[in-house]
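Single-letter residue listing:
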Amino acid sequence: MITALDVTETRKYVSKMDPDPDNPTVFHLGFLDPALKAELDDESSSFKLSSTNPKDPADIKINYNKRQIMVIKFGLKNIENLLDPQTKKPVNFSCETIRYAGKMRDAVPDRLIAILPSELRTELAEAILSEVK
């Protein structure tokens, strides 16, 4: 019997890059529901067939960085123990509610995503998309 995916569930995740194993930053990752994931995929990619020559390859474009940011925006549910670079205190995590893919959704504010290093954004997006418990 297959166990269905609970899209309301979160799981704790510690980055492989975290320098402090005794006091790590813990990210609470959620799952993307199918409609949201489809919208993110469609918004961040395009596919175009050759218009004149059937032997020409199709043109496929993926806006990888935009996709990463949007996956984090909707898949990151909480952060514990992330040090704010300006205040030197833990970041106060909170979401904002925005309309996306036909629904009102909780979303991580851009200002919080902006302070995450590029390599960490890549790792978090991949972890969210993996759907591994």
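Residues numbered from 1 in each chain as written. Predicted model: local features only at pLDDT ≥ 70, side-chain atom pairs only at ≥ 80, totals over all residues. Heavy atoms only, no water.

A.B. asks: Would you mind going over the overall build of the chain with me for this structure?
C.D. replies: When its secondary structure is counted, the chain shows four helices and seven strands. Listing every helix and strand of the chain by position from the N terminus yields β-β-α-β-β-α-β-β-β-α-α. Projecting the C-alpha coordinates of the chain onto the three principal axes gives extents of approximately 60 × 40 × 30 Å. Taken across its 133 residues, the chain has 33% of its residues classed as buried. Of the contacts made within the chain by residues no fewer than 6 positions apart, 62% connect residues no fewer than 24 positions apart. Working note: accessible area of the chain is about 8,900 Å², and carbon and sulfur atoms make up 53% of it. For the chain, the centre of its 19 positive side-chain charges and the centre of its 21 negative side-chain charges are spaced 4 Å apart. (Helix = DSSP H or I, 4+ residues; strand = E, 2+ residues; numbered from the N terminus. Buried < 20%, exposed > 50% of the residue type's maximum accessible area, 1.4 Å probe, protein only. Contact = heavy atoms within 4.5 Å. Areas by Shrake-Rupley, 256 points an atom, 1.4 Å probe, with all protein chains shown as cover. Lys, Arg positive; Asp, Glu negative; His and termini not counted. Charge placed at Lys NZ, Arg CZ, Asp CG, Glu CD.)

A.B. asks: Can you help me understand the layout of surface pockets in this one?
C.D. replies: Over the atoms rolls a probe the size of a water molecule, and its path tells where empty space is left. Counted as a void, the largest pocket has a volume near 230 Å³. Around the largest pocket sit 13 residues that line it, and Asp18, Pro19, Thr25, Leu82 and Leu120 are the ones nearest its centre. Of the residues assigned to the lining of the largest pocket, the class counts are seven nonpolar, four polar and two charged. (1 Å grid on protein atoms, 1.4 Å probe; cavity = no way out; pocket = protein on both sides within 12 Å on 5 of 7 lines; lining within 4 Å. Points joined across faces, edges and corners; volume = space filled by probe spheres on them. Nonpolar A, V, L, I, M, F, W, Y, C, P; charged D, E, K, R; others polar.)

A.B. asks: Is there a simple way to explain a nonpolar patch on the surface in this structure?
C.D. replies: There is a patch of nonpolar side chains on the surface, built from Phe47, Leu49, Ile60, Ile62 and Tyr64 and spanning about 580 Å² of accessible area. With respect to the secondary-structure elements, isoleucine 60 resides in strand β4 (residues 59-62). (Patch = residues over 30% accessible without salt bridge, like charges linked within 9 Å, V, L, I, M, F, W, Y side chains within 5 Å. Salt bridge = Lys/Arg side-chain N within 4 Å of Asp/Glu carboxyl O.)

A.B. asks: I'm lost on the packing of helix α1 (residues 34-43) against helix α2 (residues 64-75) in this one. Help?
C.D. replies: Any two packed helices are characterised by how steeply their axes cross, that is the angle between the axes, and by the distance between the axes. At a closest axis distance of 9 Å, the pairing of α1 and α2 adopts a crossing angle of 160°. Here α2 runs roughly antiparallel to α1, going by the angle between their axes. Here the hand of the crossing between α1 and α2 comes out right-handed. Of the residues in α2, those in contact with Leu36, Lys37, Leu40, Asp41 and Glu43 of α1 are Lys66, Arg67, Met70, Val71 and Phe74. Among the residues making up the contact of α1 with α2, the classes are represented as five nonpolar, no polar and five charged. (Axes fitted to C-alpha atoms, helices over the stretch in contact; angles between N-to-C directions. Parallel < 35°, antiparallel > 145°, perpendicular 65-115°, else oblique. Left-handed = near helix turned anticlockwise from the far one by under 90°.)

A.B. asks: Where do I start with the nonpolar core in this structure?
C.D. replies: In a soluble, globular protein the nonpolar side chains are often hidden away together inside. Among the nonpolar cores identified, the biggest contains 26 residues, and Phe27, Leu29, Leu40, Ile72, Phe74, Leu76 and Leu124 are the most heavily contacted of them. Looking at this core, the elements with two or more residues in it are β2 (26-29), α1, α2, β5 (76-80), α3 (110-114) and α4 (118-130). Examining the composition of this core, we find that five residues originate from one element, α4, more than from any other. Not counting chain neighbours up to four residues away, the residues in contact with leucine 29 comprise Glu9, Thr10, Arg11, Tyr13, Gly75, Leu76, Lys77, Leu124, Ala127 and Ile128. (Core = buried A, V, L, I, M, F, W, Y, C linked by side-chain atoms within 4.5 Å.)

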